[in-house]
Amino acid sequence: MTQPEPAVPAAATATDETVTGIIVHQPRRDAWHDYERWLLEVKEACRRFPGYLSTDVIRPVGGHATYTVIIRFAGVAALQAWIESDVRREFLARVEPVLEKADRYVIQTGLDFWFTSPSGKPPVPWKQFLITLSAIFPLTVVVPWALSGLLAQLQGFSGMLAGKLLVAACIVFLMVYVIMPRYTRWVSRWLFH
């Protein structure tokens, strides 16, 4: 299998921003156990590269057989170093026999990874705006209300800052790990058409 060229957006030139690599694999169903073991090993190897931040795996659901691996690095150069490394090439050579389709990946910056369609084409910006607003606005109401007892105990300017940081951290955590991955799947038919 030949490796496709990564899609690096023109805006992705800064080295001080979080960059997301989205890798899609479709292992044969009878090889899922082997693929899962390979995932653990490749994640450990990836972790040793400079600039590595995190790895998330979205496993197949229902009748689907696609694994989506989301890796984050501190900058395009750091992610590119991993993607183009001999270490990754060796791991790909090991997993190639169990894949039904070739390794595919894109590199994105910022919030783009929430809006990646299976075709790789992002939705129009106004749809991204509506989806993001409709997810964040309720959180700006619910999270402060849910934390109101704790926030009321924080006194002074430093207490106010700590409270705002706590609210922001909760909202960002919910957006990244809970809401957006599910929400974009739920509205994908409208979002990507």
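Please refer to the structure higher up on the page.
A short tour of the structure in this document, coming up. (Residues numbered from 1 in each chain as written. Predicted model: local features only at pLDDT ≥ 70, side-chain atom pairs only at ≥ 80, totals over all residues. Heavy atoms only, no water.)

### Structural notes on the overall build of the protein chain
Looking only at helices and strands, the protein chain has seven helices and four strands in total. Walking the protein chain from its N terminus toward its C terminus, one meets helices and strands in the order β-α-β-β-α-α-β-α-α-α-α. Partitioning the contacts of the protein chain with sequence separation of at least 6, the portion at a separation of at least 24 is 74%. A total of about 11500 Å² of accessible surface is found on the protein chain, and carbon and sulfur atoms cover 64% of it. (Helix = DSSP H or I, 4+ residues; strand = E, 2+ residues; numbered from the N terminus. Contact = heavy atoms within 4.5 Å. Areas by Shrake-Rupley, 256 points an atom, 1.4 Å probe, with all protein chains shown as cover.)

### Focus on the pairing of strand E3 (residues 67–74)
Burial runs high along E3: seven of the eight residues are buried. Pairing of strand E1 (residues 18–25) with E3, which is carried by eight bridges, proceeds in the antiparallel orientation. Within the sheet, the bridge partner assigned to His25 lies in E3 and is Tyr67. Sheet topology note: the strand E2 (residues 52–58)/E3 ladder contains six bridges and is antiparallel. Across the sheet, residue Val57 finds its bridge partner in E3, namely Val69. (Buried < 20%, exposed > 50% of the residue type's maximum accessible area, 1.4 Å probe, protein only. Pairing = 2+ DSSP bridges.)

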